[in-house]
Amino acid sequence: MSNEEANLDEREFVYKIVILGDAAVGKTSLISQFVEGSFNEDYKPTLGANIVRKDVNLNSTKVRLIMWDLAGQEKYQVVRSMYFQGCQGALLVYDVTRYNTLDNINTKWLQDFKKYVKKKGVFILIGNKSDLKDQRVIPTEKGKDMASKIKASHFIETSAKLGENIEEAFSLLVQEILGNHGVNL
Ligand code: G3D
Ligand code: MG
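Residues numbered from 1 in each chain as written. Chains lettered and ligands numbered in written order. Predicted model: local features only at pLDDT ≥ 70, side-chain atom pairs only at ≥ 80, totals over all residues. Heavy atoms only, no water.

Undergrad: Describe in detail helix 6 (residues 166-180), supporting the description with residues and values.
TA: Think of an α-helix as turning once every 3.6 residues; residues three or four places apart then point the same way. The terminal C-alpha atoms of helix 6 lie 21 Å apart, and with 15 residues this matches the ideal 21 Å at 1.5 Å per residue to within 8%. Note on helix 6: the residue one or two positions beyond its end, Gly 182, has a positive phi of about 75°. (Helix = DSSP H or I, 4+ residues; strand = E, 2+ residues; numbered from the N terminus. Expected span 1.5 Å × (residues − 1).)

Undergrad: If you had to explain the site of ligand 1 to someone new, which residues and values would you point to?
TA: Taken together, 15 residues form the shell around ligand 1, and within it Ala 24, Lys 27, Ser 29, Asp 131 and Ala 160 come nearest. With respect to ligand 1, the side chain of Thr 28 contributes an N or O atom lying 2.9 Å from an oxygen atom. Between ligand 1 and the protein, one listed contact pairs an oxygen atom with a side-chain N or O atom of Ser 29 at 2.6 Å. Taken by itself ligand 1 offers 650 Å² of open surface, and the protein chains cover 61% of this. Here the shell around ligand 1 is composed, by residue class, of five nonpolar, five polar and five charged. (Near = heavy atom within 4 Å. Polar contact = N/O pair within 3.5 Å; in protein donor to acceptor, adjacent residues only side chain to side chain. Areas by Shrake-Rupley, 256 points an atom, 1.4 Å probe, with all protein chains shown as cover. Nonpolar A, V, L, I, M, F, W, Y, C, P; charged D, E, K, R; others polar.)

Undergrad: A description of the packing of aromatic side chains should follow, citing residues and the corresponding values.
TA: Counting across every chain of the model gives 10 aromatic pairs. Aromatic side chains Tyr 76 and Phe 84 sit 6.3 Å apart centroid to centroid with 70° between the ring planes, which places their arrangement in the edge-to-face category. A ring pair is formed by Phe 113 and Phe 123, whose centres lie 5.9 Å apart and whose planes are at 75°; its orientation type is edge-to-face. Of this pair, Phe 113 sits in helix 4 (residues 99-116) while Phe 123 is found in strand 6 (residues 122-128), placing the two residues 10 residues apart along the sequence. Taken together, the aromatic side chains of Trp 68, Tyr 76, Tyr 83, Phe 84, Trp 109, Phe 113, Tyr 116 and Phe 123 make up a single cluster linked through ring pairs. When the ring centre of Trp 68 is taken as origin, the NZ or CZ atom of Lys 16, which lies over that ring, is 3.6 Å away. In this structure, Lys 54 packs its charged tip against the face of Phe 34, placed 4.8 Å from the ring centre. (Phe/Tyr/Trp six-rings, centres within 6.5 Å; stacked < 30°, edge-to-face > 60°. Lys NZ or Arg CZ within 6 Å of the ring centre and 35° of its normal.)

Undergrad: How would you sum up the pattern of salt bridges? Please name residues and give values.
TA: The full count for this structure, using the stated rule, is six salt bridges. Notably, a salt bridge pairs Arg 64 with Asp 55, separated by 2.7 Å at the nearest N-O pair. The partner of Asp 95 in a salt bridge is Lys 129, and the shortest N-O contact between them spans 3.2 Å. In this pair, Asp 95 sits in strand 5 (residues 87-95) while Lys 129 sits in the loop between strand 6 and helix 5 (140-149), placing the two residues 34 residues apart along the sequence. What makes Lys 129 partly exposed here is its relative accessible area of 21%. (Salt bridge = Lys/Arg side-chain N within 4 Å of Asp/Glu carboxyl O. Buried < 20%, exposed > 50% of the residue type's maximum accessible area, 1.4 Å probe, protein only.)

Undergrad: Tell me what's going on with the packing of helix 3 (residues 76-84) against helix 4, and back it up with residues and numbers.
TA: Interaxial distance between helix 3 and helix 4 falls to 9 Å at its minimum, and their mutual angle equals 50°. The angle between the axes of helix 3 and helix 4 places the two elements in the oblique class. Every pair of crossing elements has a handedness; the one defined by helix 3 and helix 4 is right-handed. Together, Tyr 76, Gln 77, Arg 80, Ser 81 and Phe 84 of helix 3 and Lys 108, Trp 109, Asp 112, Phe 113 and Tyr 116 of helix 4 make up the contact between the two elements. (Axes fitted to C-alpha atoms, helices over the stretch in contact; angles between N-to-C directions. Parallel < 35°, antiparallel > 145°, perpendicular 65-115°, else oblique. Left-handed = near helix turned anticlockwise from the far one by under 90°. Contact = heavy atoms within 4.5 Å.)

Undergrad: Please give an account of the side chain of Lys 27 that cites residues and values.
TA: With respect to the helices and strands, the residue Lys 27 is situated in helix 2 (residues 27-35). Within the buried set, Lys 27 has no salt-bridge partner at all; the shortest N-O distance to an opposite charge, 5.4 Å, is to Asp 69. A distance of 3.1 Å separates a polar side-chain atom of Lys 27 from the backbone oxygen of Gly 21. One polar contact links the side chain of Lys 27 to the main-chain carbonyl oxygen of Asp 22, over a distance of 2.9 Å. (Lys, Arg positive; Asp, Glu negative; His and termini not counted.)

Take a look at the structure:
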């Protein structure tokens with residue numbers, strides 16, 4: 001096997017993604033579930049952000065994900081440009097038990113993402129806390145409607161508490177980013 005072929009077999013990519021959504025929708029919980037045992041975070045107080053790394057393998061493609069998670073929403077206002085710098089994708093997260101968290105996806109979080117991430121930014125919509133069946137106020141259909149309205153690449157409901165659909169959610173975003181960069185799996 002030539003060197004070139006060897007390289008093709010072991011491609012490595014590094015992508016920065018941001019997790020966006022109102023306070024307490026479950027952003028940090030989603031990351032903790034996804035990263036599991038190898039939880040590895042680096043809190044940047046000046047940015048008000050946790051930066052968490054995870055390596056994922058899709059077929060023979062290695063992707064190092066650098067996930068930026070807001071720690072306290074107030075600092076975000078002043079450091080938005082840093083937060084979004086070099087970002088290739090976003091998880092837009094709302095809480096199925098609180099209507100205003102879905103409204104804010106379109107009016108707040110997506111507006112920021114579009115403003116600061118000009119080219120090649122992909123995003124998926126996540127309705128979290130699907131395990132809280134009695135407290136749910138946003139039906140699945142409403143989430144789907146919002147996803148098509150804002151042209152999200154995908155829509156998925158998750159439970160960070162039970163660990164449901166977490167791998168799937170991150171994997172959908174990674175595949176979308178790879179596709180967006182012309183990488184065929
Ligand atoms: P944030 O990072 O978006 O601010 P967190 O949100 O991850 O800190 O979660 C906020 C609260 O929601 C936490 O509860 C957390 O346990 C809970 N939570 C997150 N995801 C889920 C979920 O899928 N289901 C349920 N039932 N709860 C969830 P506390 O009580 O620690 O504040
Ligand atoms: Mg958090």
